[in-house]
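In case you want the letters, here they are:
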Amino acid sequence: MRLRELLDARTVEGVTLREAAELLHAHPTHLVRAFTQAHGVPPHTYLTGRRVELARRLLLAGQRPVETAVAAGFFDQAHLTRHFRRYLGVSPARYPRPS
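Sequence order sets the numbering: in each chain, residues are counted from 1 along the sequence as written. Given that the model is predicted, a residue must reach a pLDDT of at least 70 before its local features are reported, and side-chain atom pairs must reach 80 or more before they are shown or counted; all residues, however, enter totals for whole chains, interfaces and linings. The basis for the side-chain values is all heavy atoms of the structure; hydrogens and waters are excluded.

A. Structural view of the overall build of the protein chain. Helix numbering and strand numbering both begin at the N terminus, where a helix is a DSSP run of H or I of at least 4 residues and a strand a DSSP run of E of at least 2. Across its full length, the protein chain carries six helices and zero strands. Each principal axis of the C-alpha atoms in the protein chain carries an extent, and together these give about 45 × 20 × 20 Å. Relative accessibility thresholds used throughout: buried, under 20% of the residue-type maximum; exposed, over 50%; partly exposed, between the two (1.4 Å probe, protein chains only). Among the 99 residues that make up the protein chain, the fraction classed as buried is 35%. Here the analysis covers contacts within the protein chain between residues at least 6 apart in sequence; of these, 49% occur between residues at least 24 apart. Every accessible area reported is derived by Shrake-Rupley at a probe size of 1.4 Å, with residue values counting cover from the shown protein chains alone. Put simply, the protein chain shows about 6,200 Å² of open surface, and 53% of that area lies on carbon and sulfur atoms. When the 15 basic and 8 acidic side-chain charges of the protein chain are each reduced to a single mean position, those positions are 8 Å apart. Here, two residues are considered to be in contact whenever any of their heavy atoms come within 4.5 Å of each other. Working convention for charge: Lys and Arg count positive, Asp and Glu count negative, and His plus the chain ends are omitted. Where a charge sits is defined by one atom per residue type, namely NZ (Lys), CZ (Arg), CG (Asp) or CD (Glu).

B. Just the environment of Leu7, in detail. Here Leu7 shows up in helix 1 (residues 2–9). Classification of Leu7 by relative accessible area gives buried; the value is 4%.

By themselves, these are just geometric observations and shouldn't be taken as functional.
Written out as structure tokens, the structure reads:
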């Protein structure tokens, strides 16, 4: 689906539903319904999951949580921590570091 490709390409900066609808020449409601049916989650949840995955990789590479938050597209470290904990069950500060 083209919306998934758009979300993957713009994981960090994100894309509004209105902008995606204009770019893909589709109604916003149709985009959300079709995406949810195809992928099992709404676009916003998918995008958040992609950002958490990016943050996880950055943390494993040794980046600090405060830097990781911005680099992965979150507003701040608290925003990252809330979603990271929800998805992975641990805070970014306690996430395993490479030895």
